[in-house]
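Tertiary structure, described
Each chain, written out:
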Amino acid sequence: HGRIAMAAFVGYIVQANGIHWPWPMTLDGTPFPYDAGSPPEQWDALPDAAKWQIILFIGFLEHFSESNGVHYMKGGKPGAFPKFSDSDKIPHPVPLNLFDPFGFSKGKSEEAKQRGLISEINNGRLAQIGILGFLAEQKLSGSVPLLEGIVPPYAGEPMAPF
């Protein structure tokens, strides 16, 4: 969950600062809802089809991981994601893998990989605290004193996808 939290934390900061893709979100020219407000309000403003694309892509990644690798509860390595290039279940070549797509960790020693893993775990834990802090402050003003007045309130339900 640490990797997801890191992506969520960075995504929240990027969206909260109005940074968005410069092209339209849909084929009919609808722009990204960057002017809808805070990141949860931007999620609420997305069309349901866009939300389903994201959820189904995550479902594909989960299915691919479970069907091509050994689950960590059954002896697999936690955090390891199978390579797309090693799978016979994808009908076309995929040039990059999800983990280490450019091969930066290929030549690292085991000690360096272990240090990197510990750093990733610690950063993931901090990101979980960070993203939940943002969401808590948006729902209950003053719950995170350092964010009071910085994060705007949110009237919706942050844990409901639709």
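Residues numbered from 1 in each chain as written. Predicted model: local features only at pLDDT ≥ 70, side-chain atom pairs only at ≥ 80, totals over all residues. Heavy atoms only, no water.

**Looking at the overall build of the protein chain**
- Along its length, the protein chain carries 4 helices and 0 strands.
- Moving toward the C terminus, one meets the helices and strands of the protein chain in the order α-α-α-α.
- Referenced to the eigenvectors of the C-alpha coordinate spread, the extents of the protein chain come out at roughly 45 × 40 × 30 Å.
- Relative to its 162 residues, the protein chain shows a buried fraction of 22%.
- Long-range contacts, defined here as pairs at least 24 residues apart, represent 40% of the contacts in the protein chain between residues at least 6 apart.
- Per element, the accessible surface of the protein chain, about 11,900 Å² overall, is 64% carbon and sulfur.
- The positive charge centre, built from 12 side chains, and the negative charge centre, built from 16, are 12 Å apart in the protein chain. (Helix = DSSP H or I, 4+ residues; strand = E, 2+ residues; numbered from the N terminus. Buried < 20%, exposed > 50% of the residue type's maximum accessible area, 1.4 Å probe, protein only. Contact = heavy atoms within 4.5 Å. Areas by Shrake-Rupley, 256 points an atom, 1.4 Å probe, with all protein chains shown as cover. Lys, Arg positive; Asp, Glu negative; His and termini not counted. Charge placed at Lys NZ, Arg CZ, Asp CG, Glu CD.)

**What to know about the nonpolar core**
- Counting 6 residues, the largest nonpolar core is built from Tyr12, Ile131, Phe134, Leu135, Leu147 and Val151.
- No other element matches the 3 residues that helix α4 (residues 110–139) contributes to this core.
- In this structure, Leu135 is in contact with Pro40, Pro158 and Met159, ignoring residues within four places of it in sequence.
- Counting residues in each nonpolar core, the second largest holds 5 residues, with Phe64, Phe81, Phe84 and Ile90 among its members. (Core = buried A, V, L, I, M, F, W, Y, C linked by side-chain atoms within 4.5 Å.)

**Describing the confidence of the model for the protein chain**
- Averaged over every residue, the pLDDT of the protein chain is 91; residues scoring 70 or more account for 100%.
- At the low end of the mean pLDDT range in the protein chain sits helix α3 (residues 48–68), at 91; at the high end sits helix α2 (residues 39–45), at 95. (pLDDT = per-residue confidence, 0-100.)

**Topic: the environment of Asn122**
- Of note, Asn122 is situated in helix α4.
- When its relative accessible area of 41% is taken as the criterion, Asn122 is described as partly exposed.
- As for Asn122 and Gly11, which are separated by 111 residues in sequence, their C-alpha atoms are 19 Å apart.

**Digging into the packing of helix α1 (residues 2–16) against α4**
- Between α1 and α4, whose axes approach to 7 Å, the crossing angle comes to 50°. Here α4 runs oblique to α1, going by the angle between their axes. Taken as a pair, α1 and α4 cross one another with a handedness that is left-handed. Taken together, the residues of α4 that come into contact with α1 (itself represented by Gly2, Arg3, Ala5, Met6, Ala8, Phe9, Tyr12 and Ile13) are Glu120, Asn123, Gly124, Ala127, Gln128, Gly130, Ile131, Phe134 and Gln138.
- Its residues placed into classes, the contact of α1 with α4 shows 9 nonpolar, 6 polar and 2 charged. (Axes fitted to C-alpha atoms, helices over the stretch in contact; angles between N-to-C directions. Parallel < 35°, antiparallel > 145°, perpendicular 65-115°, else oblique. Left-handed = near helix turned anticlockwise from the far one by under 90°. Nonpolar A, V, L, I, M, F, W, Y, C, P; charged D, E, K, R; others polar.)

**Quick word on the environment of Pro158**
- Inspection of the secondary structure assignment puts Pro158 in the segment after α4.
- A C-alpha to C-alpha distance of 28 Å links Pro158 and Phe99, two positions 59 residues apart in sequence.
- Those residues in contact with Pro158, other than ones at most four positions away along the chain, are Leu135 and Lys139.

**Observations regarding the packing of aromatic side chains**
- As enumerated under the stated definition, the model contains 10 aromatic pairs in all.
- Measuring from centroid to centroid gives 4.3 Å for Tyr12 and Phe134, while their planes differ by 10°, and the two rings are stacked. Here Tyr12 is found in helix α1, whereas its partner Phe134 is found in helix α4, with 122 residues between them in sequence. For the pair Tyr12 and Phe134, one class covers both residues: buried. (Phe/Tyr/Trp six-rings, centres within 6.5 Å; stacked < 30°, edge-to-face > 60°.)

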